[in-house]
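Reading the structure
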Amino acid sequence: MNFPGYRDRYLPAMTLRRIRALPDKAWAPVILTTGAIEQHGPHMPVAVDALMAQVWLCLSLSRLPAGASCYVAPPVTIGKSNEHTGFPGTLMISRDTLHSQILAIARQVHAWGFRSIAVINTHGGNVPVVVPTLREIRALYGMRAAILPSAQITGISAQEATFGIHAGEVETSWMLAAAAIHTDMSRAVCEFPARIEDPGEVRPVAAPALQAWASRDVSKTGIMGDAAAATAEKGERWLEVGATAYAAAIAEVCRTNRERAP
């Protein structure tokens, strides 16, 4: 068994002596990934979000410009996925548990001497927990804390952009590019929870009022999007764009941290 490809930056792979001696802890961010283990339709494994977190790390860290530095914390692989209950394969933790995990990791890396933490989140259900927790980390420990933005996806239909929210064209394309052996396109289908012209109770996130819903309320297969439209070529293009964006975001965190470091 081997450590990840970014071993030189992976804190669990380091000795105590090396962690103590790291020269840039005052400004180099600790990258924490928050993913999920949950149903992703009949065509993909339940570990898609957790796997994609590692894909983004491997791709983006290899693209960091000279002078940028960061380290990687152990991943949070199980997230707040209660919206996917009712489908086999979904594991979940409560919002309180997720909050406690992130807070505990921040508290410990702060004790090791780090003063910045940045999150790559690969599951939308985690966001309402991650964002306020980062504010709390800032208030409690004085750490600079941020959630790294993902890249804008282009080249998809307006329908997919609005209601392709889970296991659809984009995620399936990512998996075809990153782990095709785990993706069965013969079982990929198109199933949207709503249409732009008739959204019903499922509204875009920016709507004035939102109806609470679970996946089983709006999808028979667990897919919410056009998974059948996915291709490896699209996935490779979107992975490149996403990795470049994450690398740029990490580099920007490094730059601003260095300017503010004592």
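Provided above is the structure to which this section pertains.
Residues numbered from 1 in each chain as written. Predicted model: local features only at pLDDT ≥ 70, side-chain atom pairs only at ≥ 80, totals over all residues. Heavy atoms only, no water.

This next bit is on the overall build of the chain. Each helix and strand counted, the chain has 8 helices and 6 strands in total. Here the chain has a C-alpha radius of gyration of 19 Å; the compact-globule value for 262 residues is 18 Å, and the two agree. The dimensions of the chain, computed from C-alpha atoms along their principal axes, are 55 × 35 × 35 Å. Within the chain, the fraction of its 262 residues that count as buried is 48%. Expressed as a percentage of contacts within the chain between residues at least 6 apart in sequence, the contacts between residues at least 24 apart total 80%. In the structure as shown, the chain presents an accessible area of about 12700 Å², 55% of it carried by carbon and sulfur atoms. If you average the places of the 24 positive and of the 22 negative side-chain charges in the chain, the two averages end up 13 Å apart. (Helix = DSSP H or I, 4+ residues; strand = E, 2+ residues; numbered from the N terminus. Rg over C-alpha atoms; globule rule 2.2 N^0.38 Å. Buried < 20%, exposed > 50% of the residue type's maximum accessible area, 1.4 Å probe, protein only. Contact = heavy atoms within 4.5 Å. Areas by Shrake-Rupley, 256 points an atom, 1.4 Å probe, with all protein chains shown as cover. Lys, Arg positive; Asp, Glu negative; His and termini not counted. Charge placed at Lys NZ, Arg CZ, Asp CG, Glu CD.)

The phi dihedral of alanine 167 is positive, around 60°, even though this residue is not glycine. Following the sequence through the fold, alanine 167 ends up in the loop between helix H5 (158–163) and helix H6 (169–179). Its relative accessible area of 0% is what places alanine 167 among the buried residues.

Take helix H4 (residues 127–141) next. The end-to-end C-alpha separation of H4 is 21 Å, in line with the 21 Å expected for 15 residues at 1.5 Å each. For H4, the complete set of buried residues consists of Val129, Val130, Thr133, Leu134 and Ile137. The buried residues of H4 occupy one face: seen down the axis, they fall within an arc of 125°. Exposed side chains of H4 directed beyond 90 degrees from the buried face belong to Pro128, Arg135 and Ala139. Elements that come into contact with the buried residues of H4 comprise strand E1 (30–34), helix H3 (95–112), strand E3 (116–121) and strand E4 (144–147). Downstream of H4 by a residue or two, glycine 142 has a phi angle that is positive, lying close to 70°. (Expected span 1.5 Å × (residues − 1). Arc of directions from axis to C-beta.)

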